[in-house]
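# Structural description and commentary
The primary structure of each chain is shown beneath.
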Amino acid sequence: MRGYLIRRLLQFIPVVIGATFIIFALVFAIPGDPIRALSGDRPMSEAVQATLRDRYNLDDPLLIQYGKYMLALVQGDFGMTFTGRPVSDIIGQRAPVTAQLALTAFVIQAVIGGIAGILAALRRQGFLDSLVQVSTTVLVAIPTLVLAMIGQVVFGLHLGWFPIAGTGQGWYSYVLPGAMLASTSMALIARLLRTSLLENLRADYVRTATAKGLSRSRVVGRHALRNSMIPVVTFLGADLGAMLSGTVIIEGIFNLPGLGGEVFRAIGAQEGTVVVGIVTLFVLIFVTLSLIVDVLYAYLDPRIRYD
Amino acid sequence: MIKQHATRVAALAAAVALLAAACGSDDDGEPGADAPDEAAEAGGEFTAYTCEPQFLVPGNSTEVCGSMVLEQLFSGLTAVNYETSEAYGVVATDWDTDDNVTWTFNLRDDFTFHNGDPVTAQTFADTWNWVVDPDNAQQNSNFFDNFVGYADVVEGNADEMEGVRVIDDTTLEIELTVPFSPLPIMLSYTAFYPLPDEAYEDIEAFEQAPVGNGRYEIDGSWEHDVQIAMDRYEDWPADNPGLADRIVWRIYDDINTAYLDVQAGNLDVLYSIPPERETTVESDFGDNIFRADTSSFTYMGLPLYQDEFQDPDIRHAMSMAIDRQAIIDAIFSGARTPATAVIPPVLAQHREDACNYCQYDPDTAADMYEAAGGPEELTVYFNSGAGHEDWTEAVANQWQQNLGVTDVTFESLEFAQYLDLHDNEEVTGPFRLGWVLSYPSPQYAMEPIYTTGQSSNYTGYANDEFDNLIREANGAPSPEEADALYQQAEDILLEDMPVIPMWYETRTVVFSDRVSNVEIDPRTFPRVEQVQVTE
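Residues numbered from 1 in each chain as written. Chains lettered and ligands numbered in written order. Predicted model: local features only at pLDDT ≥ 70, side-chain atom pairs only at ≥ 80, totals over all residues. Heavy atoms only, no water.

- Under an unreviewed UniProt entry, the name given to chain B is ABC transporter substrate-binding protein, and the source organism is Phytoactinopolyspora mesophila.

- Identification of chain A as ABC transporter permease subunit from Phytoactinopolyspora mesophila is taken from an unreviewed UniProt entry.
- Per UniProt, chain A carries the Sequence similarities (unreviewed entry) text "Belongs to the binding-protein-dependent transport system permease family."
- The annotation that UniProt attaches to chain A under Subcellular location (unreviewed entry) is "Cell membrane". (UniProt positions renumbered as here; feature names shortened; annotations may be inferred.)

### Considerations on the overall build of chain B
- The secondary structure content of chain B amounts to 17 helices and 19 strands.
- In terms of overall dimensions, chain B is globule-like: its C-alpha atoms have a radius of gyration of 24 Å, near the 24 Å expected for 535 residues.
- The 535 residues of chain B split such that 57% are buried.
- By sequence separation, contacts in chain B at least 24 residues apart represent 69% of the contacts at least 6 residues apart.
- As displayed, chain B offers around 20500 Å² of accessible surface, 43% of which is attributable to carbon and sulfur atoms.
- Of note, chain B has its 20 positive side-chain charges centred 5 Å away from the centre of its 101 negative side-chain charges. (Helix = DSSP H or I, 4+ residues; strand = E, 2+ residues; numbered from the N terminus. Rg over C-alpha atoms; globule rule 2.2 N^0.38 Å. Buried < 20%, exposed > 50% of the residue type's maximum accessible area, 1.4 Å probe, protein only. Contact = heavy atoms within 4.5 Å. Areas by Shrake-Rupley, 256 points an atom, 1.4 Å probe, with all protein chains shown as cover. Lys, Arg positive; Asp, Glu negative; His and termini not counted. Charge placed at Lys NZ, Arg CZ, Asp CG, Glu CD.)

### Details of the packing of helix H16 (residues 464-474) of chain B against helix H17 (residues 479-496) of chain B
All names here are of chain B.
- In contact at an axis separation of 8 Å, H16 and H17 are set at 165° when each is read in the N-to-C sense. Taken as axis vectors, H16 and H17 run roughly antiparallel relative to one another. Crossing of H16 over H17 shows left-handed handedness. Residues Glu-465, Phe-466, Leu-469, Ile-470, Glu-472, Ala-473 and Asn-474 of H16 touch H17, and the partners they reach there are Ala-482, Leu-485, Tyr-486, Gln-488, Ala-489, Ile-492 and Leu-493.
- Here the contact of H16 with H17 is composed, by residue class, of ten nonpolar, two polar and two charged. (Axes fitted to C-alpha atoms, helices over the stretch in contact; angles between N-to-C directions. Parallel < 35°, antiparallel > 145°, perpendicular 65-115°, else oblique. Left-handed = near helix turned anticlockwise from the far one by under 90°. Nonpolar A, V, L, I, M, F, W, Y, C, P; charged D, E, K, R; others polar.)

### Brief notes about the interface of chain A and chain B
- The interface is formed by 46 residues belonging to chain A together with 55 residues belonging to chain B.
- Around 4200 Å² of area is buried between chain A and chain B when both sides are counted, 61% of it from carbon and sulfur atoms.
- At the junction of chain A with chain B, the criterion picks out two salt bridges.
- Close ionic contact of A:Arg36 with B:Asp423 constitutes a salt bridge, the shortest N to O distance being 2.7 Å.
- Contributions of two or more residues to the side of chain A that touches chain B are made by helix H2 (34-38), helix H3 (46-55), helix H5 (87-122), helix H7 (144-158), helix H10 (216-253) and helix H11 (259-268) of chain A.
- The element contributing the most residues to the side of chain A that touches chain B is H7(A), with nine residues.
- For the side of chain A that touches chain B, the residue count by class is 23 nonpolar, 15 polar and eight charged. (Buried area = accessible area lost by both parts, 1.4 Å probe. Salt bridge = Lys/Arg side-chain N within 4 Å of Asp/Glu carboxyl O.)

### A look at the UniProt feature "domain: Solute-binding protein family" (unreviewed entry) in chain B
- Following the UniProt record, the feature "domain: Solute-binding protein family" (unreviewed entry) maps to residues 88-456 of chain B here.
- Regarding residues 88-456 of chain B, the helix share stands at 29% and the strand share at 22%, and the terminal C-alpha atoms are separated by 28 Å.

### Some remarks on the packing of aromatic side chains
All names here are of chain B.
- Taken as a whole, this structure holds 36 aromatic pairs over all chains when the rule is applied.
- Ring plane angle 25° and centroid distance 5.0 Å describe the contact between Phe-297 and Tyr-504, whose orientation is recorded as stacked. Of this pair, Phe-297 sits in strand E12 (residues 289-301) while Tyr-504 sits in strand E17 (residues 499-511), and the two are 207 residues apart along the sequence. For the pair Phe-297 and Tyr-504, one class covers both residues: buried.
- Between the aromatic rings of Tyr-439 and Tyr-444, the centroid separation amounts to 4.5 Å while the plane-to-plane angle is 40°, which identifies the pairing as tilted. With respect to burial, Tyr-439 and Tyr-444 carry one shared label: buried.
- Grouped by ring-pair contacts, the aromatic residues Phe-124, Trp-128, Phe-143, Phe-144, Phe-147, Tyr-189, Phe-192, Trp-435, Tyr-439 and Tyr-444 constitute a single cluster.
- Here the guanidinium or amino end of Arg-336 rests over the ring plane of Phe-332, the centre of that ring lying 4.1 Å away.
- Over the aromatic face of Phe-525 sits the side chain of Arg-523, whose NZ or CZ is 4.1 Å from the ring centroid. (Phe/Tyr/Trp six-rings, centres within 6.5 Å; stacked < 30°, edge-to-face > 60°. Lys NZ or Arg CZ within 6 Å of the ring centre and 35° of its normal.)

### Remarks on the domain arrangement of chain A
Residues and elements named next belong to chain A.
- Each assigned domain of chain A is listed with its residue range as follows: domain 1 (18-87) and domain 2 (97-300).
- Of note, the centres of domain 1 and domain 2, computed from C-alpha atoms alone, are 37 Å apart.
- On the domain 2 side, the residues contacting the 16 residues of domain 1 number 14 residues.
- Summed over both partners, the interface of domain 1 with domain 2 comes to about 1200 Å²; 74% of that surface belongs to carbon and sulfur atoms.
- Between the two partners, domain 1 and domain 2, sit two residue pairs in polar contact (both at pLDDT 80 or more).
- For the side of domain 1 that touches domain 2, the element with the highest residue contribution is helix H1 (residues 2-29), accounting for five residues.
- The class makeup of the residues in the side of domain 1 that touches domain 2 is twelve nonpolar, four polar and no charged. (Domains from an automatic or database assignment. Polar contact = N/O pair within 3.5 Å; in protein donor to acceptor, adjacent residues only side chain to side chain.)

Here it is in structure tokens:
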């Protein structure tokens, strides 16, 4: 296990270098001059443009730009936006917002999705099961963007239960956007868990456990559920990537100053340093989380070993 | 701007449809119209919309989001009366010139920065020299390009502009390279606000909490993407101090979200609404709406450097083949004013009937286009993601219907790439662009876009007669003579028609029940200093 962990951690290095280079090259490849676009229809003077180009190394070839960027990065300098703000400031200010949003969404989808899935499986063919089946179908069918806007209008504006925008009310501000971000995954978790649990409940080892006289809750909780979690954990691992991209939409609609909105803006403004900084962070988070998921596997299913 | 308008509109339409189906009729039970007339009383606090500013240094701020905040934090030598399009003194008391070249400005001695430093003639001279210095990379530096000595500073041959001379603490002399009568109006622009000495020590730190000399002073610092709060500066010495004690600019990424927040009562003033809301704004807000014409001008430029567009008759025909009002009604829910001139209706110098070729006349247009041998295939250019898809398509449809154009191709590009194409003169067909007046002068409505070789002249238009008239108007001894000359220049422009005037934007402002007296000026800035808090 330890060797495996070390091997996985060493994999971070090529992944980060590869990811930063690819992103840097992609932003570099966007046609048009970002400095020229900064001031819009009325161009700034040549002298000012030249100063700015020089300040951001924009006249260098791709490899030199990338080299200068990485050299600064190693020294802890994340670079600056074209408006002169340090990227590290932006990340420091915005990362907690995205983290809170993602965490809220994660808790909502895990708890509600999990409970719905278990209840549906235990009450198969009953009312609860049908309710879960229908509501999850609806949730999966509606795009997150549309759902979020409906949720905002219904629960924020008309019912007034939640704030419509911003982070002014602490954790409470994140409940509605978190739920909207979680909606699709929540539905999928419920369905996945239901199917998986139903299958396991019919398995031989469950019949054995029941025959041994174990209580129903112990049979379901310790035996069937633990095995049923494996596909769910797999799903959660893959889903986290999708969730990070989902924050781009949700943060925009609910006006949350998180990383998603910033990366969207930065791509439009061709700010390579900002895009690379944030996306690298996303990549690191994703790689770390998939490592956690893989370790969880070993815990859930002792047959899976990595050595 | 980088916004996915099309998807937002589509999704919103879907959301609205679903909501309507789900909720049936949903009456909010709006409270009746409040008693509108109360005596103007100072005090209170309100919130206003802005987007995240690019910069909060006057010399660097070119967009509305930052400029309208800076306008409250700083005061320039002059400001503009928008009723008459004339300048009046703020830090300056009066000014004097014999030849529109050398100007003497007399300054008040009682203006101070929020840190207590006095504002003197030297303050302005220092600020302007600093803004022009290319090492400081201030985007507005070329607003000084007709000051004597500008080129020397830009080229690094001098540290100070020779044309800005401090006579004493309250007397500032400005010498220009050419006669320029709109100078007092131009000096009202953001680029010319004064900076205190502490700004130069660490401009990045200063930008986070600008110390100005305006009606309001910043409270705390610029909370990026969240808000900018400001309190009234009680030592502001001029007339018309701000009414509210405190203004909080709430920063939104998306104007749709801001709109919902005004509806829910969490935001007090939103100075621009999403276009798709025009149809429902009256039922959403009742009397809490203010509509105003603005100087925001949209035009279809024609690349005169391409052979097909050199015959003016072709340009006239293309203009006459467009039913502007129909497009405005269909696509903007009526929130535009068809252009009948190049000098916008918000300026006193505007003439409604200046344009001979802006009326919809498809028959004449068709004959003229055929006689002049207009191109049968057109490529129409616009920048993507900024809401120009629908109307450019509508215009192209009308050219197809009315002019016998058989084939239209659309080129939609990111803004940066779009501007590159223009700079390299690689545009092969009609293109959309716009113009907002930074200061309200007919000079600024024409000179930067249409005079030969100017940086914002994207059509490649060159006409000596037009250039001379602008030059003469800039040097005219009296405002009346200047206006007449500007209008003559406008006539030439509309006859040559390097651009097809499309329309001027009408802004719809919405506000909450907590405030009254909400207005915007022709630059689309909300006049927040006169907003009254009623609760």
